[in-house]
Structure formats: C-alpha cells, structure tokens
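Here is what each chain is made of, one letter per residue.
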Amino acid sequence: MARIGADTATTSFQRAARDLLESNPDATPLDLATSLDFLTSDDDDAHPDWHPSSKPFDAMVRAYFFQRLTGWSDRKTIETITKDTETATAFGFDPDSLPSRSTALAALTRASPM
C-alpha cells in the first residue's frame, strides 16, 4: 500500500490515514476502513429511516472504501458484507439486518467512478 507522505496529505482525512499508518505500520485495509472518520451524515441517505431498505450510510461508505483499498471486485465485496457478519459489523452494519445483494450492488455501483 502506498504511503501518504507529509507533502501529499492535504486533507484532514489523508492526514488521519497517514497518522494511523505511521502509528500502526501493519494496519490492514480493514483497520483503515473501520478506524477513519469519513465525516458522513445520515442526511446523505436517500431513504427515510422507516424505509425497509435503509442501511447505514457510513457502513456503505466504509465497505466502498475497503473495496477500493483491496481492489476487490463488486462480487467479492458484496459476498463479504452480506455473509461475513464480523466484517459487516466492523463496517457498521447491524448483524441482524445485513444488506441484501441487490442493495449492496446498487450502493457500490453508484459509488464507483465512471
């Protein structure tokens, strides 16, 4: 994984990632995805809380960030967040209400740059 140097860390997010990597050189992509503050808001979720398909926005952002760090395919990432309760919980999903494959795919493909 490329190191973020003092001269390239321009945002608070990049500085936080650099500081985490400096304090823990053995940090894994899961450590980064679950330890950094993404400064997201529930206001970014297009579904109201009562909507049955609402899933935590921050958890989806963490899953997407994890996917970008690991280079995993949509399929492998979706398999992880829909079947691996421990990892999904670390991202912030409710273990009793993991996202469906279709919800995860929609979230990941909407987040992917064109």
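Let me begin by describing the structure that accompanies this report. Note that this is a predicted model, so its numbers are computed, not measured.

**Focus: the pattern of salt bridges**
And then number 1: Under the criterion given, the structure shown has two salt bridges.
And then number 2: Across the pair Asp19 and Arg18 runs a salt bridge, and its minimum N-O distance is 3.2 Å.
And then number 3: According to the relative accessible area criterion, Arg18 is buried, its value standing at 14%.
And then number 4: Note that Glu79 and Arg101 form a salt bridge whose closest N and O atoms lie 3.1 Å from each other. Of the two residues, Glu79 sits in helix α4 (residues 74–83) while Arg101 sits in helix α6 (residues 101–111), which places them 22 residues apart along the sequence.
And then number 5: Taking relative accessible area as the criterion, Glu79 reaches 37% and is therefore assigned partly exposed.

**Some details on the packing of aromatic side chains**
And then number 1: A complete count under the given rule lists two aromatic pairs for this structure.
And then number 2: Centre to centre, the rings of Phe66 and Trp72 are 4.9 Å apart; their planes meet at 90°, and the pair counts as edge-to-face.
And then number 3: Site record: aromatic cluster; members linked through ring pairs are Phe66, Trp72 and Phe91.

**As for the nonpolar core**
And then number 1: Core analysis: the largest hydrophobic core is formed by 20 residues, its most contacted members being Leu32, Ala33, Leu36, Phe65, Ile81, Phe91 and Phe93.
And then number 2: Of all the elements in the fold, those that place two or more residues in this core are α1 (12–23), α2 (29–35), α3 (57–70), α4, α5 (85–91) and α6.
And then number 3: Examining the composition of this core, we find that six residues originate from one element, α3, more than from any other.
And then number 4: Discounting residues that sit within four places of it in the chain, Ile81 has contacts with Ala63, Ala88, Phe91, Phe93, Leu98, Pro99 and Ala104.

**Side note on α3**
And then number 1: Taking 1.5 Å of rise per residue, 14 residues should cover 20 Å, and α3 covers 20 Å from first to last C-alpha, within 8% of that figure.
And then number 2: Three or more residues of α3 are buried, namely Ala59, Met60, Val61, Arg62, Ala63, Tyr64, Phe65, Phe66 and Gln67.
And then number 3: Following α3 by one or two positions, Gly71 has its phi on the positive side, about 80°.

Conventions we followed
- Residues numbered from 1 in each chain as written.
- Predicted model: local features only at pLDDT ≥ 70, side-chain atom pairs only at ≥ 80, totals over all residues.
- Heavy atoms only, no water.
- Salt bridge = Lys/Arg side-chain N within 4 Å of Asp/Glu carboxyl O.
- Buried < 20%, exposed > 50% of the residue type's maximum accessible area, 1.4 Å probe, protein only.
- Helix = DSSP H or I, 4+ residues; strand = E, 2+ residues; numbered from the N terminus.
- Phe/Tyr/Trp six-rings, centres within 6.5 Å; stacked < 30°, edge-to-face > 60°.
- Core = buried A, V, L, I, M, F, W, Y, C linked by side-chain atoms within 4.5 Å.
- Contact = heavy atoms within 4.5 Å.
- Expected span 1.5 Å × (residues − 1).

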